[in-house]
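Coordinate analysis (summary)
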Amino acid sequence: MRALLRQVVHSLERGQDAELVTVLASAGSTPRGAGAVLAVFPDGTGVGTVGGGNVEYEAQKLASKLLETGENALRDFRFVQGDAASLGMVCGGDVTLHFHYLDASDSHTAAVFRALLDATAGSADTWLVRKLDGAAVTAMGLADRTGTKYIENVPAGLLESRAAFREGWFALPAVRGGKVYIFGGGHVSQALVPAIAAVGFRPVVYDDRPEFADPALFPQAEAALCGSFTALAERIKVTPDDYVVIMTRGHQADYEVLTQTLRSGAKYIGCIGSKKKLAFCRDRLLAAGFTAEEYARVHAPIGLAIGAETPEEIAVSVTAEMIAVRAGHELP
């Protein structure tokens with residue numbers, strides 16, 4: 001989302017309009033669900049996606065036409081064969097796309113998207129909220145847990161972890177708060193950082209060895225920090241919006257990190273290691289006064305059970321588990 005917003009803002013600041021295509025709603029089997037976004041620019045290029053294939057082709061073609069005339073639109077597409085609105089696909093679903101003309105000369109539009117891009121550098125959940133009357137956008141602004149900006153009277157309960165479209169109001173979660181603190185900068189962490197960054201997580205790597213806290217190893221990370229595993233509070237503060245991934249080089253460091261993060265309220269805590277090592281850490285934590293219920297919050301062994309062995313495979317399994325937690329799916 002940050003890359004898309006950057007492109008939109010740069011286009012508007014250069015005086016070039018853009019067309020923002022958003023999946024408002026979907027039903028059945030579709031390539032992408034509500035909240036998928038594609039931005040199309042005057043030169044015909046686009047960034048983002050609303051599902052690829054024929055739907056993307058048709059969406060980009062229509063967006064380019066609307067961009068020339070400065071219009072909004074609503075369109076329904078069906079992923080079945082033989083229907084007038086069909087895309088000739090066999091997914092068996094329906095999707096509603098909204099096409100929003102972004103006028104570069106409109107100071108309100110420019111201010112909203114600049115503020116949204118700025119919000120991506122922060123750590124607060126932020127939504128792009130629009131009031132729709134048919135295809136027309138009658139109000140647009142931002143909202144977070146503390147209030148609104150550039151818009152008023154956002155309905156209660158509209159701000160959810162997924163995109164929500166109710167009674168003409170559409171809330172798109174554009175910035176997801178919280179960081180992923182990865183403790184340990186070894187091979188698995190080096191594979192994990194690009195994997196989670198690619199799906200919208202914000203990794204921060206922490207190691208007590210300078211050579212493994214080198215920003216050059218983690219170009220997709222927001223930061224690479226070097227510090228003691230016994231004094232995390234000197235460098236970071238883990239909040240309930242954050243994720244904790246423990247991949248240090250030994251059980252002692254794992255234990256030290258767990259003692260300082262287990263009661264942080266973090267949204268996710270995962271620890272890599274063999275069953276024997278994890279059992280050792282658990283026994284030490286229980287002896288130190290932590291409860292079995294507190295330890296039960298730890299995803300250990302970390303990641304979904306897909307038979308992962310290599311650092312890259314483990315990164316996939318951990319990323320998938322974190323996506324499931326972010327989406328609110330129950331895990332076994």
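Residues numbered from 1 in each chain as written. Predicted model: local features only at pLDDT ≥ 70, side-chain atom pairs only at ≥ 80, totals over all residues. Heavy atoms only, no water.

With that out of the way, let us pick up the sheet that holds strand β14 (residues 243-246). The strands that make up a sheet are held in pairs by hydrogen bonds between backbone atoms, and each pair lies either parallel or antiparallel. Strand order in the open sheet formed by six strands is β13-β12-β11-β14-β15-β16, and the pairing between neighbours is parallel. If you trace the sheet from one side to the other, it starts and ends with β13 (223-226) and β16 (298-299), each paired once. Pairing geometry for strand β11 (residues 180-183) and strand β12 (residues 203-207), over four bridges, is parallel. Bridge pairing links Phe183 to Tyr206 in β12. (Pairing = 2+ DSSP bridges. Helix = DSSP H or I, 4+ residues; strand = E, 2+ residues; numbered from the N terminus.)

What follows covers the state of the cysteines. The full count for this structure, using the stated rule, is zero disulfides. Here Cys226 stays free of any disulfide, with the sulfur of Cys271 as its closest cysteine sulfur at 20 Å. The closest cysteine sulfur to the non-disulfide-bonded Cys281 is located on Cys271, 5.7 Å from its own sulfur. Judged by its relative accessible area of 1%, Cys281 falls in the buried class. (Disulfide = S-S within 2.5 Å. Buried < 20%, exposed > 50% of the residue type's maximum accessible area, 1.4 Å probe, protein only.)

Overall, the coordinates contain 10 salt bridges when judged by the stated rule. Salt-bridge contacts for Arg114 lead to Glu13; the nearest nitrogen and oxygen are separated by 2.9 Å. With Arg114 in helix α3 (residues 107-119) and Glu13 in helix α1 (residues 2-13), this pair connects stretches of sequence that are 101 residues apart. Where Glu58 meets Lys61, a salt bridge forms, and the shortest distance between an N and an O atom there is 3.6 Å. Of this pair, Glu58 and Lys61 both sit in helix α2 (residues 53-69), three residues apart, roughly one helical turn. Residue Glu58 is classed as partly exposed on the basis of its relative accessible area of 27%. What makes Lys61 partly exposed here is its relative accessible area of 35%. (Salt bridge = Lys/Arg side-chain N within 4 Å of Asp/Glu carboxyl O.)

Let's shift gears to the packing of aromatic side chains. Inspection of the entire model under this criterion finds five aromatic pairs. Judged by centre distance (6.0 Å) and plane angle (70 degrees), the ring pair of Phe165 and Phe170 falls under edge-to-face. Note on Phe165: relative accessible area 37%, which makes it partly exposed. Each ring, one from Phe183 and one from Tyr206, has its centre 5.6 Å from the other, and the planes form 55 degrees; the classification is tilted. You can see Phe183 sitting in strand β11 and its partner Tyr206 sitting in strand β12, a full 23 residues away along the chain. Per residue, the accessibility class of Phe183 equals that of Tyr206, and both read buried. Cluster of aromatic residues (ring-pair linked, three or more members): Phe183, Tyr206 and Phe229. One residue, Arg284, lies across the ring of Tyr255, its end atom 3.8 Å from the ring centre. (Phe/Tyr/Trp six-rings, centres within 6.5 Å; stacked < 30°, edge-to-face > 60°. Lys NZ or Arg CZ within 6 Å of the ring centre and 35° of its normal.)

It is worth spelling out the sheet that holds strand β8 (residues 147-149) at this point. Spatially, the five strands line up as an open sheet ordered β8-β7-β6-β10-β9, and their pairing is antiparallel. The open sheet terminates on both sides in strands that have one partner only, identified here as β8 and β9 (164-166). Across this sheet, the average inter-strand angle for adjacent strands is 25 degrees, counted without regard to direction. Sheet topology note: the β9/strand β10 (residues 169-175) ladder contains three bridges and is antiparallel. By the bridge assignment, Phe165 is partnered in β10 with Phe170. (Axes fitted to C-alpha atoms, helices over the stretch in contact; angles between N-to-C directions.)

Before going further, it helps to examine the side chain of Asp207. With respect to the helices, strands and loops of the structure, Asp207 is situated in strand β12. On the basis of relative accessibility, which here comes to 1%, the residue Asp207 falls in the buried class. A polar contact is formed between the side chain of Asp207 and the backbone nitrogen of Arg209, at a distance of 3.0 Å. Excluding residues within four positions of it along the chain, Asp207 makes contact with Gly184, Gly185, Phe212, Ala213, Leu225, Cys226, Gly227, Phe229 and Arg249. (Polar contact = N/O pair within 3.5 Å; in protein donor to acceptor, adjacent residues only side chain to side chain. Contact = heavy atoms within 4.5 Å.)

Attention now moves to the packing of helix α5 (residues 251-261) against helix α6 (residues 275-287). It is the contact of α5 with α6, at a shortest axis distance of 10 Å, that shows an interaxial angle of 45 degrees. Overall, the two elements α5 and α6 adopt an arrangement that is oblique. Both α5 and α6 take part in a crossing whose hand is right-handed. Contacts from His251, Gln252, Asp254, Tyr255, Leu258 and Thr259 of α5 reach α6 at Lys277, Phe280, Cys281, Arg284 and Leu285. For the contact of α5 with α6, the class distribution of residues is five nonpolar, three polar and three charged. (Parallel < 35°, antiparallel > 145°, perpendicular 65-115°, else oblique. Left-handed = near helix turned anticlockwise from the far one by under 90°. Nonpolar A, V, L, I, M, F, W, Y, C, P; charged D, E, K, R; others polar.)

Attention now moves to the side chain of Thr126. Inspection of the secondary structure puts Thr126 in strand β6 (residues 126-133). Overall, Thr126 belongs to the buried group, its relative accessible area being 6%. Apart from the residues within four sequence positions on either side, Thr126 is in contact with Leu116, Ala119, Leu142, Ala143, Asp144, Leu172, Pro173, Ala174 and Val175.

Spatial relationships are all this shows, so hold off on functional conclusions.
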